[in-house]
Amino acid sequence: MSLVSCKMVEVIAEFYGIDILTDLNQWPGCVGTLRGLEAGHGQIPANLFQKNDEMIALFRPITDAYFAARGLDVPESVLLPLVVVGKDEASDTQE
């Protein structure tokens, strides 16, 4: 049984710029991407899965399955929102 939900498919499609409402042919590809991650294949798109607390919660089942399939514990850092340093902030810290 897959852990993939309709909401996950909608969010990942939007993330990749796919309009699954007008092009239903893309739905299986989005589901396949998530099922591949669930099986431990590929690389988790951290900028989506860790975008905020809502996304962390939504994709937590896939994240857990991904690391379990690889025989690894889920790193604590994966369960925290990413902190993205903007270009201006990065240059300020280097001065």
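Conventions we followed
Residues numbered from 1 in each chain as written. Predicted model: local features only at pLDDT ≥ 70, side-chain atom pairs only at ≥ 80, totals over all residues. Heavy atoms only, no water. Axes fitted to C-alpha atoms, helices over the stretch in contact; angles between N-to-C directions. Helix = DSSP H or I, 4+ residues; strand = E, 2+ residues; numbered from the N terminus. Parallel < 35°, antiparallel > 145°, perpendicular 65-115°, else oblique. Contact = heavy atoms within 4.5 Å. Nonpolar A, V, L, I, M, F, W, Y, C, P; charged D, E, K, R; others polar. Salt bridge = Lys/Arg side-chain N within 4 Å of Asp/Glu carboxyl O. Buried < 20%, exposed > 50% of the residue type's maximum accessible area, 1.4 Å probe, protein only. Lys, Arg positive; Asp, Glu negative; His and termini not counted. Polar contact = N/O pair within 3.5 Å; in protein donor to acceptor, adjacent residues only side chain to side chain. Phe/Tyr/Trp six-rings, centres within 6.5 Å; stacked < 30°, edge-to-face > 60°. Core = buried A, V, L, I, M, F, W, Y, C linked by side-chain atoms within 4.5 Å.

**Q** If you had to explain the packing of helix α2 (residues 27–38) against helix α4 (residues 53–69) to someone new, which residues and values would you point to?
**A** Running from N to C, α2 and α4 cross one another at 50 degrees; their axes reach a closest spacing of 7 Å. In terms of orientation, α2 and α4 fall into the oblique class. Contact residues: Leu34, Leu37 and Glu38 in α2; Phe59, Ile62, Ala65, Tyr66 and Ala69 in α4. Looking at the contact of α2 with α4, its residues break down into seven nonpolar, no polar and one charged.

**Q** Talk me through the pattern of salt bridges; I want residue IDs and the actual numbers.
**A** Tallying each qualifying case throughout the model produces one salt bridge. Among the ionic pairs, Asp64 bridges to Arg60, the shortest N-O distance being 2.7 Å. In this pair, Asp64 and Arg60 both sit in helix α4, four residues apart, roughly one turn of the helix. The exposure class of Arg60 is partly exposed, given its relative accessible area of 34%.

**Q** Tell me about the environment of Leu58, and name the residues and values.
**A** With respect to the element layout, Leu58 can be found in helix α4. As a C-alpha pair, Leu58 and Ser5 span 53 residues in sequence and 9.0 Å in three-dimensional space. What Leu58 contacts, discounting residues up to four positions off in sequence, is Ser5, Lys7, Met8 and Val11.

**Q** Break down the side chain of Glu38 for me, citing the residues and quoting the values.
**A** Relative to the helices and strands, Glu38 is located in helix α2. Buried within the structure, Glu38 lacks any salt-bridge partner; Arg35 is the closest side chain of opposite charge, at an N-O distance of 5.2 Å. A polar contact is formed between the side chain of Glu38 and the backbone nitrogen of Leu3, at a distance of 3.2 Å. Non-local contacts of Glu38, meaning those with residues more than four positions away in its chain, are made with Met1, Ser2, Leu3, Val4, Ile62, Ala65, Tyr66 and Ala69.

**Q** An account of the packing of aromatic side chains is requested, with residue identities and associated values reported.
**A** If you walk through the whole model with that rule in mind, you get three aromatic pairs. Taken together, a centroid distance of 4.9 Å and an interplanar angle of 75 degrees make the contact between Phe15 and Tyr16 edge-to-face. Both rings, one in Phe49 and one in Phe59, keep their centres 4.1 Å apart while their planes meet at 10 degrees; by these two values the pair is stacked. With Phe49 in helix α3 (residues 46–49) and Phe59 in helix α4, the pair connects residues that are 10 residues apart, well separated along the chain. For Phe49, a relative accessible area of 3% translates into the label buried.

**Q** Please set out the nonpolar core residue by residue, giving values where relevant.
**A** Val9, Leu34, Leu48, Phe49 and Phe59 are the most contacted members of the largest nonpolar core, which has 21 residues in total. Taken together, the elements giving at least two residues each to this core come down to α1 (6–15), α2, α3 and α4. Ranked by residues supplied to this core, first place goes to α4 with six residues. If we ignore the near neighbours within four places in the chain, the residues touching Leu48 are Val11, Ile12, Phe15, Met55 and Phe59.

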